[in-house]
Amino acid sequence: MKSSTLWSVPSASLYSARRNKKRFIMSINRDFFEDLFVLEMANNHWGRLERGKKIVDDFAHVVRYNGIRASIKVQLRDVDSFIHKDHLENSDMRYIKKTLDTKMSKADFASLVDYIKKAGCIPTATPFDEASVDFAQELDLPMLKIASSDLNDWVLIEKIATTRKPVIASTGGSSLKDVDDLVVFFENRGIPLAINHCVSLYPSEDSQLELNQIDFLRNRYPGITIGFSSHEYHDWSSSMMMAYAKGARTFERHIDIEADGIPVSSYCTLPEQCDTWFKSFNKAKEMCGGSGTDKRIPSTAEVEYLDALVRGVYVKRDLPVGHRLTDDDVYLAIPLLKGQLSCRELIAGEAIVQAITADQPLTLDFLDNPYSRNAELRAHIQNRGL
């Protein structure tokens, strides 16, 4: 076997030093991952092409209805080489048996990938061996996934990197060094990488989700897209809304349908549950609003509402022309009237340019100051208030 370049992967300590010096390749285009949903067909749709197409039909409908950008993902294994020849027959090991039971021909996979495209979704795959990476290339898949179990399988990872395609990797069961090494490996090659927080428990209880790991991953890997791959089975709303609010921007679940008398695994999502999941995403996105790195610009309606609550400047006594204002000359009260100075603009020492009587609002007409001379500021003050 060809010698792996595993030994050239920087250690966690080296990674930390690079991070402190901000030597990330920040110019990598990661737009592919933004708001991307990855729907993995559970148990390889039991190796049945027609069942796979039915799954695509049902979920593509929900995707279109909710205006979601979604990938439907298959699992690729070169079964005859993936399983040792001594276990190709009569194996009672669960994983091997399931792999054999769900085997599908290349022609059927190609047909399914084409069907996913025609349904308006993005076909992607998790290749579990090097031959499957080559097959994914033949299928012209735009993205590949690294399963949690393969996060430190460097023979497979190096093969995946040769495709130069964007990669999503799940972190279930990984060590910190595993993730550090993976990030440095792909960053050094300029290959877009997204990291999914994941707990590899099937299914996961709500108390096992560890959503604060999204914060950890975002802080440790600035510039890397962070996602959430979930296997919980009680709720299709809460974790989505929290994960999005924490900054997760790509999401993954296993999907399945009730058909053919095959029981659906508890960690899988049915079409109607996926609809709830998508709606929760759209609601979370609406509620979170725009950028989390820049100050938002208040809406006109919000500014007008707050302007109505601001106190206006009124004079306590009659003031002659030329009098210079002091704090003792004025008081503040609501309502704020059009053209009236507010508590925000009051400046002591300004001269009165025409006489004003007690309890009158102090408007721009009584002063010669920056607010009265600047056309834009003057228009703003004249148009606000009652």
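Residues numbered from 1 in each chain as written. Predicted model: local features only at pLDDT ≥ 70, side-chain atom pairs only at ≥ 80, totals over all residues. Heavy atoms only, no water.

Quick look at the overall build of the chain
So the rule is basically this: Put simply, DSSP marks the helices as runs of H or I at least four residues long and the strands as runs of E at least two long, and each gets a number from the N terminus on. Per-residue accessibility, obtained with a 1.4 Å probe over protein chains only, is compared with the maximum for each type, and a residue is labelled buried under 20%, exposed over 50%, and partly exposed between these values. Only heavy atoms enter the contact rule, under which two residues are in contact if any of them lie within 4.5 Å. Computed with the Shrake-Rupley method and a 1.4 Å probe, the accessible areas treat only the protein chains shown as cover for residues. All tallies of charge rest on Lys and Arg as positive and Asp and Glu as negative; His and the ends of each chain are not included. A charge is said to be at NZ when it belongs to Lys, at CZ for Arg, at CG for Asp and at CD for Glu.
Along its length, the chain carries 14 helices and 10 strands. If you line up the chain on its principal axes, its C-alpha atoms span 105 × 50 × 35 Å. Across the 386 residues in the chain, those meeting the buried criterion constitute 47%. Sequence-distant contacts, at least 24 apart, represent 70% of the contacts inside the chain between residues at least 6 apart. For the chain, the accessible area works out to roughly 19200 Å², and carbon and sulfur atoms hold 52% of it. Charge centroids of the chain, computed over 48 positive and 54 negative side chains, lie 4 Å from each other.

Notes on helix α8 (residues 176–188)
In plain terms, the rule: How far a helix is expected to stretch is found by multiplying one less than its residue total by 1.5 Å.
Counted at 1.5 Å a residue, the expected span for α8 with its 13 residues is 18 Å, and the 18 Å between its end C-alpha atoms agrees. Summarising burial for α8: 10 of the 13 residues are buried, a large majority. Every buried residue of α8 is listed here: D178, V179, D180, D181, L182, V183, V184, F185, F186 and E187. Of the residues one or two after α8, G190 is the one with positive phi, at around 70 degrees.

What to know about the side chain of D35
With respect to the helices and strands, D35 occurs in the loop between α1 (12–20) and β1 (36–41). Apart from residues no more than four positions distant in its own chain, D35 is found in contact with R69, Y244, R249, F281 and K285.

Comments concerning the pairing of strand β5 (residues 167–170)
Operational definition: Whether a crossover is right-handed comes down to one check: with the strands pointing away from the viewer, does the path from the first strand over the helix to the second run clockwise; if it does, it is right-handed. The criterion for strand pairing is that DSSP finds at least two bridges linking the strands in question.
Alternating residues of β5 divide into V167 and A169 and I168 and S170, and every residue in both groups is buried. In this view, the connection linking strand β4 (residues 144–146) to its parallel neighbour β5 by way of helix α7 (residues 154–161) has right-handed handedness. The pairing of β5 with strand β6 (residues 193–198) spans 4 bridges and is parallel. In the sheet register, S170 faces β6, and the bridge partner there is N196.

Details of the nonpolar core
Basically, it comes down to this: To form a nonpolar core, buried Ala, Val, Leu, Ile, Met, Phe, Trp, Tyr and Cys residues must be joined to one another through side-chain atoms within 4.5 Å.
Judged by nonpolar contacts, the single largest core of 67 residues is most densely connected at L39, L182, F186, I195 and F251. Counting residues per element, this core draws most heavily on helix α2 (residues 49–66), which supplies 7 residues. What L39 contacts, discounting residues up to four positions off in sequence, is F59, V63, A70, S71, I72, K73, R253, I255, C274, W277 and F278. Counting residues in hydrophobic clusters, the runner-up holds 14 residues, among them L325, L364, Y371 and I381.

Let's talk about the packing of aromatic side chains
Counted only if it meets this: Pairing of aromatic rings covers Phe, Tyr and Trp, the last through its six-membered ring, and needs centres within 6.5 Å; plane angles under 30 degrees mean stacked, over 60 mean edge-to-face, and all others mean tilted.
Enumeration over the complete set of coordinates arrives at 13 aromatic pairs. Ring centres of F37 and F278 lie 5.0 Å apart, and the angle between their planes is 80 degrees; on these two criteria the pair is classed as edge-to-face. In this pair, F37 sits in strand β1 while F278 sits in helix α11 (residues 271–288), placing the two residues 241 residues apart along the sequence. Neither residue differs from the other here; F37 and F278 are each classed as buried. With a centroid separation of 6.3 Å and 70 degrees between ring planes, the pair formed by F109 and F135 is classed as edge-to-face. Within this pair, whereas F109 is found in helix α5 (residues 106–118), its partner F135 is found in helix α6 (residues 130–138), the two being separated by 26 residues in sequence. Here F109 matches F135 in class, with each residue buried.

Examining a nonpolar patch on the surface
Stated precisely, the cut-off is as follows: Only residues above 30% relative accessible area that lack a salt bridge enter a patch, with like-charged residues linked at up to 9 Å and the nonpolar side chains Val, Leu, Ile, Met, Phe, Trp and Tyr linked at up to 5 Å. We count a salt bridge whenever a side-chain nitrogen from Lys or Arg sits within 4 Å of a carboxyl oxygen from Asp or Glu.
On the surface, Y305, L306 and L309 cluster together into a nonpolar patch covering about 330 Å² of accessible area. Checked against the element boundaries, L306 lands in helix α12 (residues 300–307). Judged by its relative accessible area of 41%, L306 falls in the partly exposed class.

Thoughts on the side chain of D129
Just so we agree on the cut-off: Polar contact is defined as a pair of N or O atoms within 3.5 Å, subject to the rule that within protein one atom must be able to donate a hydrogen and the other to accept it, and that residues adjacent in sequence are counted only when both atoms are side-chain atoms.
In this structure, D129 sits in the loop between β3 (122–127) and α6. A polar atom in the side chain of D129 sits 3.3 Å from the backbone nitrogen of A131. Within the structure, the side chain of D129 is placed 2.8 Å from the backbone nitrogen of S132, a separation counted as a polar contact. Leaving out residues up to four positions away in the same chain, D129 has contacts with L76, R77, D78, F82 and L156.

Topic: the pattern of salt bridges
Following the criterion strictly, the structure yields 23 salt bridges and no others. We note a salt bridge from K145 to E252, for which the minimum N-O separation is 2.7 Å. Residue K145 is located in strand β4, and its partner E252 is located in strand β8 (residues 250–255); the two are separated by 107 residues in the primary sequence. Take K145 and E252: they sit in the same class, and that class is buried. When the shortest N-O distance is used, the salt bridge between R220 and D180 registers 2.7 Å. With R220 in helix α9 (residues 212–220) and D180 in helix α8, this pair connects stretches of sequence that are 40 residues apart. Pair check on accessibility: R220 and D180 agree, each one buried.

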